[in-house]
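# Residue-level structural notes
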Amino acid sequence: MFWLKKVLGNLLMPLPLLLTLLLLGLLLLWFSRRQRLGKTLITLGVLLLCLLSLRPVSLALLRPLEQQYPAYTGQGRLDYILVLGHGQVSDPTVPAWSYGSEDSNARVAEALRLKTLHPEATLVFSGNTQDDPLSCAGYYAQRAEAAGIPRAQMILFEDAFDTQDEIQHYARLVQDGKTAALVTSAYHMPRAMAMARGAGFSPTAAPTDFKAKLAQRPLPFYSQLPSSRWLYHSTLGVHERLGLLWTRLRGQSKD
């Protein structure tokens, strides 16, 4: 089920899906008499690819997800700071702090900010990958230790390979009236919080890594042109909506 979810999820993302549409159109044009259908598929694929690569479209897909939970400004005692993983690549030819992705680096940075606000809280890091000798939880722990936080103030769950695994670990940890803040990327927060409620606990949201930001001044015209950056943001929006649908169908989330 894990690998099936990953493969199907990737195939349903905009770029692979639209490339498949374009390839089918080309095959029909070159090797069949169904010229009209082939032209229709190619036209549809190109138009959708262009639309999803535009900034306004990416904002419409991503910003509603990111704005559901405000930035963390909580006061009072906090027992746990729960940090969802995102993966890294342990390349020995680059500095260790470059191992992490943009998302994972933003998440650990937010966790360290919360730790400064709540020195009494325990950092809880989770996440692993099948193809890297260093787990995401281990990478987070290295970053925290470099910031002066002793390993005794951390809990690592290195046997979690997706968000559901991580949430299940957290649910067993956060009991008996304990309080927790959940740190993840803003676009991922709605799904993570729904899964947490489905697992029986309600942490305080601490979103980070906001990508769909509105400019305070008019942007230059070239920023409105199709871009791989906006396509990536659109892909995140599509991915999270499919993820929310999947967790609801499996009964893993609670709205």
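Residues numbered from 1 in each chain as written. Predicted model: local features only at pLDDT ≥ 70, side-chain atom pairs only at ≥ 80, totals over all residues. Heavy atoms only, no water.

## Concerning the pairing of strand β5 (residues 204-208)
- Most of β5 is tucked away, with four of its five residues classed as buried.
- The sheet contact formed by strand β4 (residues 180-185) and β5 spans five bridges and is parallel. Residue pairing for β5: S185 is matched across the bridge by T208.
- Each parallel crossover has a hand, and the one from β4 via helix α8 (residues 189-199) to β5 is right-handed. (Buried < 20%, exposed > 50% of the residue type's maximum accessible area, 1.4 Å probe, protein only. Helix = DSSP H or I, 4+ residues; strand = E, 2+ residues; numbered from the N terminus. Pairing = 2+ DSSP bridges. Right-handed = clockwise from strand over helix to strand, strands pointing away.)

## Quick word on the environment of L123
- Relative to the assigned elements, L123 resides in strand β2 (residues 122-126).
- Residue class for L123 comes out buried when judged on its relative accessible area of 0%.
- Apart from residues lying up to four places away in sequence, L123 is in contact with I81, A111, L112, K115, A144, I149, Q153, M154 and I155. (Contact = heavy atoms within 4.5 Å.)

## Regarding the sheet that holds β5
- Read across the open sheet, the five strands follow the order β3-β2-β1-β4-β5; overall the sheet is parallel. Bordering the open sheet on either side are β3 (154-157) and β5, each of which pairs with just one other strand. Along the sheet, successive strands turn relative to each other by an average axial angle of 20°, direction set aside.
- Bridge count between β2 and β3: four bridges; the pairing is parallel. Within β3, the residue paired with L123 across the bridge is M154.
- Set on the sheet, helix α7 (residues 163-173) makes contact with β1 (80-83), β2, β3 and β4; between it and β1 the angle comes to about 170°. (Axes fitted to C-alpha atoms, helices over the stretch in contact; angles between N-to-C directions.)

## Notes on the packing of aromatic side chains
- For the structure shown, the criterion picks out five aromatic pairs.
- On the basis of an interplanar angle of 55° and a centroid distance of 6.4 Å, the ring pair of F157 and Y170 is categorised as tilted. Here F157, found in strand β3, pairs with Y170, found in helix α7; they are 13 residues apart in sequence, far enough to count as distant.
- Here F157 falls in the buried class, since its relative accessible area comes to 15%.
- An aromatic cluster is present here, built from W97, F125, Y139 and Y140 joined pairwise through their rings.
- Here R143 stacks its cationic end above the ring of W97, 5.0 Å away from the centre of that ring. (Phe/Tyr/Trp six-rings, centres within 6.5 Å; stacked < 30°, edge-to-face > 60°. Lys NZ or Arg CZ within 6 Å of the ring centre and 35° of its normal.)

## Quick word on the side chain of E110
- Structurally, E110 is set in helix α5 (residues 102-117).
- A relative accessible area of 10% places E110 in the buried class.
- Not counting chain neighbours up to four residues away, the residues in contact with E110 comprise Y72, V183, A206, P207 and T208.

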